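For reference, the chains in residue letters:
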Amino acid sequence: MTINTLSQDGVQRQQMPCLTKMERMIISMQDPDMGIKLRNQRLLITVIPHAMTGLDIVEWLIKKCSISDEEALHVGQLFVKYGYIYPLKEPRNLILKADDSSYRFQTPYYWMSTRWPASELDYAIYLAKKNIRKQGELIEYEKECYNALHKRINHTWDFVVMQAREQLRASKQRRKGDRIVLECQEQAYWLVNRPPVSPEHYKLTTLTKNTIIEHNRISLARNRVKSSICLESYVKYCEQYQPHDPIMQGCLPSNPWITDDIMFWNMNSETVALPTKLRVERWSFSFMELLNDQMGRKEFLTYLEKEFSAENLCFWQACEDVRHGETAKIPEKVDEVYKQFLAPGASRWVNIDSKTMEKTLEGLKRPHRFVLDDAQMHIYFLMKKDSYPRYLKSELYKNLLARAIVPQETKKSVFPFMRRQRHSSPSPALATQTAEDDGKAKYSNSNSGTASRL
Amino acid sequence: MCDQTFLAITFGPCDNCSQNKPLMNIYLKNEPINYCSLCVELMACQGLAKGETIHTLKAESETLKTKLEEERAKLHDVELHQVAEKIEALGQFVMKTRRTLKGHGNKVLCVDWCRDKRRIVSSSQDGKVIVWDAYTTNKEHAVTMPCTWVMACAYAPSGCAVACGGLDNKCSVYPLSLDKNENLAAKKKSVAMHTNYLSSCSFTNSDMQILTSSGDGTCALWDVESGQLLQSFHGHSADVLSLNLAPSETGNTFVSGGCDKKANVWDMRSGQNVQSFETHESDINSVKYYPSGDAFATGSDDATCRLYDLRADREVAIYSKESIIFGASSVDFSLSGRLLFAGYNDYTINVWDVLKGTRVAILFGHENRVSTVRVSPDGTAFCSGSWDNTFDLRNILYGFALYWHQGLYIGVLHHPVMSVP
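Just so it is clear, the structure is predicted and the values come from calculations on it, not from any experiment. (Residues numbered from 1 in each chain as written. Chains lettered and ligands numbered in written order. Predicted model: local features only at pLDDT ≥ 70, side-chain atom pairs only at ≥ 80, totals over all residues. Heavy atoms only, no water.)

## Overview of the confidence of the model for chain B
All names here are of chain B. Taken over all residues, the pLDDT of chain B has a mean of 80, while the share at 70 or more is 80%. When the criterion is pLDDT under 50, residues 1-9 qualifies, and its contacts beyond four places in sequence or with other chains add up to 29 contacts. Both scores are available for the predicted complex, with the pTM at 0.70 and the ipTM at 0.77. (pLDDT = per-residue confidence, 0-100. Contact = heavy atoms within 4.5 Å.)

## Re the environment of D116(B)
Residues and elements named next belong to chain B. Inspection of the secondary structure puts D116 in the loop between β5 (108-113) and β6 (119-124). The exposure class of D116 is buried, given its relative accessible area of 2%. For D116 and D378, which are 262 residues apart along the polypeptide, the C-alpha to C-alpha distance reads 9.0 Å. A polar side-chain atom of D116 sits 3.1 Å from the main-chain amide nitrogen of R118. (Helix = DSSP H or I, 4+ residues; strand = E, 2+ residues; numbered from the N terminus. Buried < 20%, exposed > 50% of the residue type's maximum accessible area, 1.4 Å probe, protein only. Polar contact = N/O pair within 3.5 Å; in protein donor to acceptor, adjacent residues only side chain to side chain.)

## Considerations on the sheet that holds β6(B)
Residues and elements named next belong to chain B. On the basis of which strands lie adjacent, the open sheet formed by four strands has the order β5-β6-β7-β8 and antiparallel pairing. Looking along the sheet, the strands with just one partner apiece sit at the ends: β5 and β8 (138-144). Averaged over all adjacent pairs, the angle separating strand axes in this sheet is 20°, with direction ignored. The pairing of strand β7 (residues 128-133) with β8 spans six bridges and is antiparallel. Bridge pairing links W132 to K139 in β8. (Pairing = 2+ DSSP bridges. Axes fitted to C-alpha atoms, helices over the stretch in contact; angles between N-to-C directions.)

## Re the nonpolar core
If you look at the biggest cluster of nonpolar residues, it comprises 39 residues, and the most contacted ones within it are F300(A), F315(A) and L342(A). Contributions of two or more residues to this core are made by α14 (287-292), α15 (294-307), α16 (310-324), α17 (330-342), α19 (373-393) and α20 (395-403) of chain A. When neighbours within four sequence positions are excluded, F315(A) is seen to be in contact with V337(A), F341(A), L342(A), V350(A), A375(A), Q376(A) and I379(A). By size, the runner-up hydrophobic cluster in this structure holds 31 residues, among which are L231(A), C305(B), L340(B) and W352(B). (Core = buried A, V, L, I, M, F, W, Y, C linked by side-chain atoms within 4.5 Å.)

## Focus on the packing of aromatic side chains
Counted according to the given criterion, the structure contains 33 aromatic pairs over all chains. Taken together, a centroid distance of 5.5 Å and an interplanar angle of 55° make the contact between Y237(A) and Y290(B) tilted. Taken together, the positions of Y237(A) in helix α9 (residues 227-241) and Y290(B) in the loop between β21 (284-289) and β22 (295-300) put the pair across two chains. Each member of the pair, Y237(A) as well as Y290(B), carries the same accessibility label: buried. Taken together, a centroid distance of 5.7 Å and an interplanar angle of 65° make the contact between F233(B) and W266(B) edge-to-face. In this pair, F233(B) is assigned in strand β16 (residues 229-234) and W266(B) in strand β19 (residues 263-267), connecting sequence segments 33 residues apart. A single burial state applies to F233(B) and to W266(B), both of which are buried. Of the aromatic side chains, those joined through ring pairs into one cluster are F287(A), F300(A), Y303(A), W316(A), Y380(A), F381(A), Y388(A), Y391(A) and Y397(A). (Phe/Tyr/Trp six-rings, centres within 6.5 Å; stacked < 30°, edge-to-face > 60°.)

Next comes the structure, spelled out in structure tokens:
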């Protein structure tokens, strides 16, 4: 099957060869000698000609194709589904019943293979006719379709109404039996081409509508911040970070992509002896900046050790490891954390308030990824509000800032056509492979790019 | 004369409402019952409370929406460009292509930087995923996926693995091995399984978890080792095209954008949709957080990029121009957040001043749609991938005007520009 509707020479491809097969069968069903026996069916006060029962259809199929009951019912069902046969009693229920319920053959005009496009205009005319005949006759989904069509093809609505009236007038001039038959055929056709919304669909739409309404209610109750405050914060952020943005203000000694000189990366690597001034300044922007930089984290740890509160940072790191680590290892990691940091009399006991401690210990009975979240949050904010500001005022930080390097700007090569050699760097994959062999953690990434070939 | 005569076979008391009405024969669990047509419809509309219909629910939904918009508008006391009036305008920006990475045989669909600031992984329509050292332009690894249209690729934080996926509805993780003889495909781990194409993937803070978004309308969080689904996120009513993790302190949220014109913010822990924004007029192709984590930008098929603030809970800026007609496929911020790079389907890249809302530069040079734009982790350069098979690494030189080059010719001319303090 393909989505191309045109064949190689631009001719419309035949869709669904199964339709041709079905039609051949339908024609043979209507054969006057070998086909199904048709009779007149009484429906209330009217007599419908050329009707058959469901049982007739099934029996004929069994005889013709030499198949079982079940299969015949299944095949017959397909004929009804695709609109070649329609039921008289419950037109909306397009199923085949192997009993005495009546069915009729659909006129070839309405067959699927004629590819008579079931256009919106036609459907609108059909619904308008129904509406005009008796107000309120349209059922729920038809009403919706009617309204939607009214909106969509509003510009042709006069035409639609006029057509509907004309068709109704013309049909009044027919014999009653014919009229009923034609109405049945049309109704069956539209049931196939515009299937009614199923109860399940209704349930689904109501479900989604309810969730949307709930969501909107919660959103209404949200606390919002004034725009002026939010927008000011962007201005401040951009100002603060501008010296650090190489695209805005260049970087020292030089941008490696321009000068082919990787000094910039070397000087800012994890393992450098003395950091650059910009880097150390950046740690003062926010606690997250300090923690995100491995060197900053190490410096902070040194400071905390002096303050005898290093266990806070270690605890925080261990919690991060639990949260982002392998699912399988969570229980043992959580256990480790408990032994080291939370158990009474633990070697590196962290100071959490009793309520959080209780909640955490309760959760430890069934350890999951987020069981340490509350405790971690508590310690994080403790460090942020207390230790971090003091660190920034400490001698340790100030000294480092004073000693930090401001790199010299590397002038671009005098001869712009002489390209510097571009050295490759060891892949992080290699670095961690060796690190793994040494049994170290997977978080380092080195880019000490000295000339080394891969 | 009407069809009712066919539907009404009998006339009598309805089994449900006991009123004398024309009855329909219907079958409930193979039991024939006689309900009047009204009761049949009511039954079909189960799930609605008394007095409700689809229409009333819709109406309620609409009124809530309008109320929400009113609430949001109440605290909106100033526009972004007004606040930005006091800032210096940016001068002329011009660009030069620094590296051109040629090697994909077909459209480049996605690109991601490694944390070492120089390596890149890229994926393309022909199923190839290539890891480059962009600095030397060497190809370091190449994998051929069993499917075409690899729409998503991501580099692991440690640099030891890459994740990719696309029309195969899966996300696979390939550990990068330096053994030349080893076939990378052998060690592949199939992590995510969706019921439709994978549009975007991203590692969280470690190599162990992956966040994916898919054409089936959901996002999901997976454990890499076991392939287990940790959390799924439902709320989009159409394909989800893009996602981005928040750089926040608690690291618990992410934003996703989809074909239902909505951008949703999710809590990774609970799977709840925390905030939702629906002001775009067409599919949202790309979402990216502002570096501070308080806002995010989106690029959409309606040819605009918008900035949404999470605390103010509203859209705060639109980046659009009459001359920009084609949709934006990808957005990214510079390190300070002052610049927004957006790649468009009309083969150009527009650079916006985030604060002032003006466009500072337009970059030509690609010969087909720009599918992805990514700034390097340290902000020194950004790379763009396009459907013309190449992707270029660019760096913005402040103060020099240069000819646009496409591999063959290079011209340099100096252009006097106002200096910046």
